[in-house]
Amino acid sequence: MNAAEMVQALKQKFGDAVLETKEFRGEHTLVVKLASAKPLLKYCRDELNFDYLVDVSSLDYMGKEPRFEMVYELYGYGHLQYLRVRAAVAEDEEVPTVSDIWPTADWHEREVYDMMGIKFSGHPDLRRILMWEGYPYFPLRKDFPLEGKPSEMPEVGFTKVAPMADGPFVTSAGCGDTVTREPRSRRPSA
Amino acid sequence: MVAPADQTLAAYDSKVEGNVIFTKLDAAINWMRKNSMWPMPMGLACCAIEMMAAACSRYDLSRFGAEVMRFSPRQADVMIVAGTVTYKMALAVKRVWDQMPAPKWCIAMGACASSGGMYRSYAVLQGIDQLIPVDVYISGCPPRPEALLEGLMRLQHKIETEHSFVEQKKELIDELTA
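Residues numbered from 1 in each chain as written. Chains lettered and ligands numbered in written order. Predicted model: local features only at pLDDT ≥ 70, side-chain atom pairs only at ≥ 80, totals over all residues.

S.K.: Looking at this structure, how should I read the interface of chain B and chain A?
M.R.: Reports of interface size often rely on the accessible area that becomes lost once the parts have come together. Across the contact, 8 residues belong to chain B and 15 residues belong to chain A. The residue inventory of the side of chain B that touches chain A, partitioned by class, reads 3 nonpolar, 3 polar and 2 charged. (Contact = placed C-beta atoms within 7 Å. Nonpolar A, V, L, I, M, F, W, Y, C, P; charged D, E, K, R; others polar.)

Below, the structure written as structure tokens:
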């Protein structure tokens, strides 16, 4: 069974819970309701043999409702097919953990919690993984400035604001050609 | 070898003449210090790979007396901060620095250790000199091993000019009178 057939099988099995399916250059994506995301993922592991959870990540669409989105990348070593499952998450919602389905999700979900502030219900050990315990912000959220915010935890860690001399050196995504996307194009002409 | 008593003049022994040198104590101490610097390799990113290359056979850091990389700060003289110092690592670097016995020196190797480099970000300390005093900054991203050797030689020149004995004595006096 290839990925396209598996998407059809999932659509039949979960019906309304599958909001949308996409296919782009051979990559298959399912957009599902958050409530049925976990049973669907469990079905993927148990029945469709997706035995490898490649990655768990999250997106922040600030200003849109619901604000966040979870992304699960699946792979099966038996059939060598990829599948991507996405589910929108509102700011006050908790995502059921999948660490009981794939143990590797434990640290992936800790990273999502650390960087984006999305909480996972049923997670065995939901602590920060990159920043230290007690760091007050979630740095990958869109409302967090690139240069950072000052914080102080004596004996543990501190952060300061980084100088943005000629920066920030980020491209303007989605606008026009490569010339206007360049960070330099936004500098006042010297 | 001591000459027989009847052949020796009162305050002068021609036999040891060639083995005596006159110099300032400072100069002697500095000479010993600068030719046997034991680095504490604080390898945090890609600069550490260049530091390892500098210590290996092709570039051979031991020509300058700095080949004894000590992974214990208590046995080291010079800390080579090689790489990106994240805020999470910053206080650990400071703690290792505090454990090194004086006299001690610090080399900030590469753009990241000197100024944060290309990481203008919430996660990266913008230069290790915000936490510990730096003697030599080495530019480059990462610097070539030759640049590290040059930095080390600059540090040797710096050590030559120090008033090590006077400063040490002053510290001792301050300590005793405090």
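Having seen the structure, we can now continue with the description.
S.K.: What is the right way to read unusual backbone geometry from this model?
M.R.: Generally, phi is negative for residues other than glycine and the peptide bonds are trans, each holding for most cases. Along the chain, Glu65 of chain A connects to Pro66 of chain A via a cis peptide bond; the corresponding omega equals -10°. Locating Pro66 of chain A in the fold gives a position in the loop between strand S3 (52-60) and strand S4 (68-75). Following Ala102 of chain B, the chain continues to Pro103 of chain B via a peptide bond in cis, the omega torsion being 0°. With respect to the element layout, Pro103 of chain B can be found in the loop between helix H3 (87-99) and strand S3 (105-109). Backbone geometry places Arg25 of chain A, a non-glycine residue, at a positive phi of 50°. (Helix = DSSP H or I, 4+ residues; strand = E, 2+ residues; numbered from the N terminus.)

S.K.: What is the right way to read the environment of Ile132 of chain B from this model?
M.R.: All names here are of chain B. Residue placement: Ile132 occurs in the loop between helix H4 (110-115) and strand S4 (136-138). Along the chain, Ile132 and Trp105 lie 27 residues apart, while their C-alpha atoms are 9.8 Å from each other. The contacts of Ile132, once residues within four sequence positions are left out, are Lys94, Trp97 and Cys106.

S.K.: Explain the nonpolar core to me, please; I cannot follow it from the model alone.
M.R.: Generally speaking, nonpolar side chains in soluble globular proteins are found buried as a group. Formed by 38 residues in total, the largest nonpolar core has its most connected members in Val78, Met79, Val81, Ile107 and Met109 of chain B. For this core, the elements supplying multiple residues, two or more each, are strand S1 (39-43), helix H2 (47-55), strand S2 (78-82), H3, S3, H4, S4 and helix H5 (145-160) of chain B. The residues contacting Met79 of chain B, other than those within four sequence positions of it, are Met40, Met42, Trp97, Met100, Lys104 and Cys106 of chain B. One finds Phe50, Leu53, Val98 and Tyr113 of chain A within the second-largest nonpolar core, a separate group that totals 32 residues. (Core = buried A, V, L, I, M, F, W, Y, C linked by C-beta atoms within 7 Å. Buried ≥ 20, exposed ≤ 12 C-beta atoms within 10 Å, placed from the backbone.)

S.K.: Hey, could you run me through the pairing of S3 of chain B in this one?
M.R.: Residues in a regular strand point their side chains to alternate faces of the sheet. Residue and element names in this part refer to chain B. In terms of residue burial, S3 counts as a mostly covered element, since 5 of its 5 residues are buried. Side chains Trp105, Ile107 and Met109 of S3 all project onto a buried face; the interleaved residues Cys106 and Ala108 project onto the opposite face, where all are buried too. As paired elements, S2 and S3 share 5 bridges and run parallel to each other. Paired with Val81 across the two strands is Ala108, which belongs to S3. Between the parallel pair S2 and S3, the chain is carried across by H3, and the sense of this crossover is right-handed. Pairing of S3 with S4, which is carried by 3 bridges, proceeds in the parallel orientation. Within S4, the residue paired with Ala108 across the bridge is Tyr137. Each parallel crossover has a hand, and for S3 linked through H4 to S4 it is right-handed. (Pairing = 2+ DSSP bridges. Right-handed = clockwise from strand over helix to strand, strands pointing away.)

S.K.: I would appreciate a short explanation of the packing of helix H1 (residues 25-34) of chain B against H5 of chain B in the present structure.
M.R.: A pair of packed helices is captured by two measures, namely the crossing angle of their axes and the spacing between those axes. Residues and elements named next belong to chain B. Orientation of H1 relative to H5, taken along the N-to-C sense of each, is 160°, at an axis distance of 9 Å. When the interaxial angle is binned, H1 and H5 end up roughly antiparallel. The chirality of how H1 crosses H5 is right-handed. Taken together, the residues of H5 that come into contact with H1 (itself represented by Asn30, Arg33 and Lys34) are Gln156, Ile159 and Glu160. Classifying every residue of the contact of H1 with H5 gives 1 nonpolar, 2 polar and 3 charged. (Axes fitted to C-alpha atoms, helices over the stretch in contact; angles between N-to-C directions. Parallel < 35°, antiparallel > 145°, perpendicular 65-115°, else oblique. Left-handed = near helix turned anticlockwise from the far one by under 90°.)

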